[in-house]
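Observations on the three-dimensional arrangement
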Amino acid sequence: MKKRPTILDVARQAGVSKSTVSLVLQNSSLVKQSTREEVTKAIDELGYVYNRSAAGLRGAASGLIGLIINDLRNPFFTEFAASAQMTFASKGYSTVIANTDEDPEIQAQVIDSMIEHGVSAFVISPTYGGDESPFERIERAGIPTMQVLRQLDERTDLFPFASHDYAFGGEAATRHLIDTGCQKIAFAGGLADRPITLERMSGYRNVMQANGLAPTIFHGRPSRQFGREIALKILQEHEGLEAAICFSDLVALGMLSGFAELGIKVGQDFRIIGFDDIEECSLAFPRLSSVRCDTALFGRNAAEAMLAWIVDGVRPPDTKHYPVELIKRQSTLGLNA
């Protein structure tokens, strides 16, 4: 007896993913007309019969959201992922979470895998590098997708982007340091030419230029190790520097450690501001000033925006930036603050 064709056979014949075939069978409006025609042609050629009763049973289960994060080791992204996952869960949606570890090949693999497992939607904090083919596959599959915190694909009409107003955060941090009397202020951390680095650094550059001050920039992977190394470098090669705005709290905490080793009193001899305001900022000594992004609230907002899209058909705006706030603590106000 000839083997009955399956949905995978249709997908191979049409050159699309299994999830795309499923969307066509469900008459989803998310699929392009040209793609729909290719799938329909493959169905006719293979004689595939859609088992609607089985599909109905599958559809009765909770939806599955693909949540892809570039670096779950960073508490900032961990808090975001946890907040988003809990929001999806509160509405009956399960979440599959993947850490790409800043590797574009892993990112491509997990996107392909999640498409094949039939996720209802993607929320992605993307890894830089590689090509845009993973997003092209998402487009072909017709899966609603939001980019968050970082933007890889510039087609926000297809993949809406949500983040924080990092430029304002950099401006507020730089003005605060100038108000404390600092003139020689550095920006530390972030890989050169990355969009997220340029955005977080833009406010710093603007305020320094407006005040006739020369910027000093140290690029590097945003880690504690890098922050410690920069603290040592500043003491050895840039003794005139008075303060630093860091790309992330991890860099700032590393600098705190480095200066402590050198006997430099942060908040008195040197001032530091972090970015993100993770929980450790209020627990470190001295307590770290930081640009608060309220990651937990952002996670909830992003998840709610996606739920509104896939449940009610209300698409998020192409681009949205949430406000940030400078939290001033001992690392800029002094140890008695």
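Here the structure is shown first, and the text comes after it.
Residues numbered from 1 in each chain as written. Predicted model: local features only at pLDDT ≥ 70, side-chain atom pairs only at ≥ 80, totals over all residues. Heavy atoms only, no water.

1. Observations regarding the layout of surface pockets
For clarity, the cut-off: Only protein atoms enter the 1 Å grid used here. Points where a 1.4 Å probe fits but cannot escape make up a cavity, open sets with protein on both sides within 12 Å along at least five of seven lines make up a pocket, and a residue lines them when an atom lies within 4 Å of a point. Grid points are joined across faces, edges and corners, and a volume is the space filled by probe spheres set on the points. What counts as a helix is a DSSP run of H or I of at least four residues, what counts as a strand is a run of E of at least two, and both are numbered from the N terminus. Classes in brief: Ala, Val, Leu, Ile, Met, Phe, Trp, Tyr, Cys and Pro nonpolar; Asp, Glu, Lys and Arg charged; the others, Gly included, polar.
In this structure, the second largest pocket encloses a volume near 430 Å³. Looking at the lining of the second largest pocket, the elements with two or more residues in it are helix 5 (75–90) and helix 9 (195–210). Here the element with the most residues in the lining of the second largest pocket is helix 9; it accounts for three residues. The class makeup of the residues in the lining of the second largest pocket is 10 nonpolar, seven polar and 10 charged.

2. Side note on the pairing of strand 4 (residues 145–148)
As a general feature of sheets, a regular strand has side chains that alternate between the two faces. So the rule is basically this: Only protein chains enter the accessibility calculation, which uses a 1.4 Å probe. A residue is then buried if its area is under 20% of the maximum for its type, exposed if over 50%, and partly exposed in between. Strands were regarded as paired on the criterion that DSSP finds at least two bridges between them.
Here strand 4 shows a buried face lined by Thr145 and Gln147 and a second buried face lined by Met146 and Val148. Of the pairings in the sheet, the one linking strand 3 (residues 121–124) to strand 4 comprises three bridges and is parallel in character. The partner of Phe122 across the bridge, within strand 4, is Thr145.

3. Comments concerning the packing of aromatic side chains
Note the following rule: Side-chain rings of Phe, Tyr and Trp, where Trp is taken by its six-membered ring, are said to pair if the distance between their centres is within 6.5 Å; with planes under 30 degrees apart they count as stacked, over 60 as edge-to-face, and otherwise as tilted. Two conditions define a charge located above a ring, namely a distance within 6 Å from the ring centre to NZ of Lys or CZ of Arg, and an angle within 35 degrees of the ring normal.
In total, this model carries seven aromatic pairs according to the counting rule given. Summarising the aromatic geometry, the rings of Phe76 and Phe77 are spaced 5.1 Å apart at their centres and angled 80 degrees between planes, so their arrangement reads as edge-to-face. When sorted by exposure, Phe76 lands in the same class as Phe77, which is buried. Relative to Tyr204, the ring of Phe187 has its centre 5.7 Å away and its plane inclined at 40 degrees; by these criteria the two rings are tilted. One end of the pair, Phe187, is in strand 6 (residues 185–188); the other, Tyr204, is in helix 9, with 17 residues separating them in the sequence. Accessibility assignment for this pair places Phe187 and Tyr204 in one class, buried. Joined through ring pairs, the aromatic side chains of Phe80, Phe298 and Tyr322 make up one cluster. Here Arg200 stacks its cationic end above the ring of Phe247, 5.1 Å away from the centre of that ring. Its end group placed over the ring of Trp309, Arg315 keeps NZ or CZ at 5.6 Å from the ring centre.

4. Some thoughts on the sheet that holds strand 11 (residues 319–322)
The test is simple: Fitted lines through C-alpha atoms serve as axes, helices being fitted only where they are in contact, and the angles separating the N-to-C directions of these axes extend from 0 to 180 degrees.
If you walk across this open sheet you meet the six strands as 2-1-3-4-5-11, and the pairing is parallel. Two strands in the sheet have a free side with no partner beyond their single neighbour: strand 2 (94–99) and strand 11. Each strand axis lies, on average, 20 degrees off the axis of its neighbour in the sheet, ignoring direction. Taken together, the four bridges between strand 1 (residues 64–69) and strand 3 define a ladder with parallel strand orientation.

5. Comments concerning helix 2 (residues 18–25)
Buried residues dominate helix 2, accounting for six of its eight residues. If you check which residues of helix 2 are buried, you get Ser19, Thr20, Val21, Leu23, Val24 and Leu25.

6. Overview of the sheet that holds strand 10 (residues 289–292)
Strand pairing in a sheet takes place through backbone hydrogen bonds and is either antiparallel or parallel in direction. Applicable threshold: The contact criterion used throughout is that any non-hydrogen atoms of two residues lie within 4.5 Å.
An order of 7-6-8-9-10-12 is seen for the six strands of this open sheet, with the pairing classed as mixed. Every interior strand has two partners, whereas the edge strands, strand 7 (216–218) and strand 12 (325–327), have only one. Averaged over neighbouring strand pairs, the angle between their axes works out to 20 degrees when direction is ignored. Summarising the sheet, strand 10 and strand 12 pair through three bridges and their orientation is antiparallel. Bridging across to strand 12, Val291 finds its partner in Leu326. Contacts between helix 10 (residues 224–237) and the sheet are confined to strand 6 and strand 7, with strand 7 contributing the most and set at about 140 degrees to the helix. Lying over the sheet, helix 11 (residues 249–262) contacts strand 6, strand 8 (243–246), strand 9 (271–276) and strand 10, oriented at roughly 150 degrees with respect to strand 9.

7. A short note on the pattern of salt bridges
Worth spelling out the cut-off: By convention in these notes, a salt bridge is any Lys or Arg side-chain nitrogen within 4 Å of a carboxyl oxygen on Asp or Glu.
According to the stated counting rule, one finds 14 salt bridges in the structure shown. Two residues, Asp9 and Arg12, come together in a salt bridge whose shortest N-O distance is 2.7 Å. In this pair, Asp9 and Arg12 both sit in helix 1 (residues 7–14), three residues apart, roughly one turn of the helix. Among the ionic pairs, Asp101 bridges to Arg73, the shortest N-O distance being 2.5 Å. Linking Asp101 in the loop between strand 2 and helix 6 (104–116) with Arg73 in the loop between strand 1 and helix 5, this pair joins segments that are 28 residues apart in sequence. Residue Asp101 is classed as partly exposed on the basis of its relative accessible area of 31%. Connected through shared salt-bridge partners, Lys32, Glu139, Asp153 and Arg155 make up one network.

8. What to know about unusual backbone geometry
Phe285 connects to Pro286 through a cis peptide bond whose omega is -10 degrees. Note that Pro286 resides in the loop between strand 9 and strand 10. The phi angle at Glu102 is positive, at roughly 60 degrees, despite the residue not being glycine. For Glu102, the position within the fold is in the loop between strand 2 and helix 6. Glu102 gets classed as partly exposed once you look at its relative accessible area, which sits at 22%. Positive phi is not limited to glycine here, since Leu149 has a value of about 70 degrees.

9. Considerations on the side chain of Thr127
Selection rule: Identification of polar contacts relies on pairs of N or O atoms within 3.5 Å, with a donor-acceptor requirement for protein atoms, meaning one able to donate a hydrogen and the other able to accept it, and with residues adjacent in sequence counted only if both atoms are side-chain atoms.
As for its position among the elements, Thr127 is in the loop between strand 3 and helix 7 (133–141). Among the polar contacts listed, one links the side chain of Thr127 to the side chain of Thr100, at a separation of 2.6 Å. In contact with Thr127, other than residues within four places in its own chain, are Asn70, Thr100, Glu102, Asp103, Pro104, Gln107, Arg150 and Leu152.

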